[in-house]
Structure formats: C-alpha cells, structure tokens
Amino acid sequence: MKTVEDYKNGQLLLIDKPLEWTSFQVVNKLRWHIRKTFDIKKIKVGHAGTLDPLATGLLIICTGKKTKQIEQYQAQVKTYTGTFVLGSTTPSYDLETDIDATFSTAHITEDLIHQTTAQFTGNIEQFPPLFSALKKDGKRLYEFARAGKEVSISARNISVNFFKITAIRGLEVDFEIQCSKGTYIRSLAHDFGKALNSGAHLSALRRTKIGAFSVDDAMSVDAFMDSLKKE
C-alpha cells in the first residue's frame, strides 16, 4: 500500500498511454487523482519523454522527488514499433492531417524497402516535423504550420541503433526501431518515403521500451486509478 509520503518522496510509474491522449493529459489525470486520494493541495508529477496523441505505449511518470531524475530517463534510448504507409504524404507526416500528395510505388520492391533501412541507421541528421511542439522565436512549430507560415528548421543529429522491417502488406510497412532521444519517427517515415523515390507517412506508432523499462510492465491509466482506490 502506497502512502502520500511514498508519492511525495518519489514514485516511478510505468503507464501505457492511450490513443489520442496527450502526454500532458496523462500527467494531469494522475496528478489530480493522487491529490484527490490523499486530500493534498500540491504534488509534483511529470513525464520523461513526450508521445504524440496518435501514438500509444510507454510513458515514464515521476512523482515528488523522483521528478528530479526526469532528464536521466529522457536521455535513455527508446524502442518503437509502428507502420508506414507508402505512396502518400501528409503535412504532419502522420494521420493528424490529410494526405497532401501521392506518388508512384510501382518501382518499390520488398528488397528495396529492406535495403533502404541502411540509410537510416547509425548517426544521421534529421529535420523535425513542422507539426511539432519544438519552439522557434518563442512559438511552437505547429503554430506556424497551422497558420500556413513557412519557417526554417535546423537539422538535428540523432542516432539509430537498429531499424528493422517486420512485415510488408502492400503499401503498409511494419517496423521496429531503437533510437536516441529527440528522434521523430514521423520525420523518419517522411524521409524513408523520399529515399524510396516516393512518399510515406506514419499511420501507427507504439513505444515499447525506454532503456530497460518495457511497456509490458506498464499499467493503463484506469488501472492506476483503480490502484489508488485501494490505498
């Protein structure tokens, strides 16, 4: 049984983020329920690495004094599984926005798809998507994008430990990837399409690991709230 002091001294919670929730919504939900359960006014709660609303999977949530270790967890390698759709692009590089262009895929073979992964392993440069929460001149990039304004973005150095194609179903390509902090899988999908002399966008994404922590050991938001009721 956890006490209020346990949460204040610091807990590390592994949560399986639901589809269409922001990471911030998960943090707010957990914080509210901890405060309500123990009838306290304030407690620090934060997450160690954002997931997009259209992604699911592992969020590391820290409470109380554990929030001081958030950067340490953020720096660990991340592992994801997901799906690219070949032959079309979207402005956000995923399903948040509608398809804006289509491309030929007649020349794309399974061998070519597997071979192209080599271009995206090791240390590479990547441009973050315009539809992202990164800041430029005090504004989020997605604010510029939604206003239809062009903005210059600098490439960032990232590292990809492995990038494997796990299934190919027509234009849908399943993958598993392990990469460094700051990697945008949406951008990788977009760049992968370009490397195939076509287009691609991300249609599904799930974070399965952060360092040695696995989503297999995570609980749902509802399961966490149920556990609080037993405190």
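Notes on the structure follow. Given the structure is predicted, the values throughout are model-derived calculations rather than measurements. (Residues numbered from 1 in each chain as written. Predicted model: local features only at pLDDT ≥ 70, side-chain atom pairs only at ≥ 80, totals over all residues. Heavy atoms only, no water.)

Remarks on helix 6 (residues 185–195)
Burial runs high along helix 6: 8 of the 11 residues are buried. Every buried residue belonging to helix 6 is among Ile185, Arg186, Ser187, Leu188, Ala189, His190, Phe192 and Gly193, and all of these are buried. Looking one or two places after helix 6, you find asparagine 197, whose phi comes out positive at around 55°. (Buried < 20%, exposed > 50% of the residue type's maximum accessible area, 1.4 Å probe, protein only. Helix = DSSP H or I, 4+ residues; strand = E, 2+ residues; numbered from the N terminus.)

A look at the state of the cysteines
For the structure on display, the rule yields 0 disulfides. The thiol of cysteine 62 is not disulfide-bonded; the next cysteine sulfur, from cysteine 179, is found 20 Å away. By relative accessible area, which is 0% here, cysteine 62 ends up buried. (Disulfide = S-S within 2.5 Å.)

Overview of the layout of surface pockets
One number sums up the size of the second largest pocket: a volume of about 170 Å³. Lining the second largest pocket are 12 residues; nearest its centre among them are Tyr93, Phe127, Pro128, His190 and Lys194. Of the residues belonging to the lining of the second largest pocket, the class tally is 8 nonpolar, 2 polar and 2 charged. (1 Å grid on protein atoms, 1.4 Å probe; cavity = no way out; pocket = protein on both sides within 12 Å on 5 of 7 lines; lining within 4 Å. Points joined across faces, edges and corners; volume = space filled by probe spheres on them. Nonpolar A, V, L, I, M, F, W, Y, C, P; charged D, E, K, R; others polar.)

A look at unusual backbone geometry
In the Ramachandran plot, tyrosine 93 falls in the positive-phi region, its phi being about 70° despite a non-glycine side chain. The phi torsion at asparagine 197 lies on the positive side, around 55°, for a residue other than glycine. Position of asparagine 197 relative to the elements: it lies in the loop between helix 6 and strand 12 (200–210).

Focus on a nonpolar patch on the surface
A grouping of Leu19, Leu54 and Leu95 is seen on the molecular surface, where their side chains present a nonpolar patch of about 260 Å² in accessible area. Inspection of the secondary structure assignment puts leucine 19 in the loop between strand 1 (12–17) and helix 2 (23–38). (Patch = residues over 30% accessible without salt bridge, like charges linked within 9 Å, V, L, I, M, F, W, Y side chains within 5 Å. Areas by Shrake-Rupley, 256 points an atom, 1.4 Å probe, with all protein chains shown as cover. Salt bridge = Lys/Arg side-chain N within 4 Å of Asp/Glu carboxyl O.)

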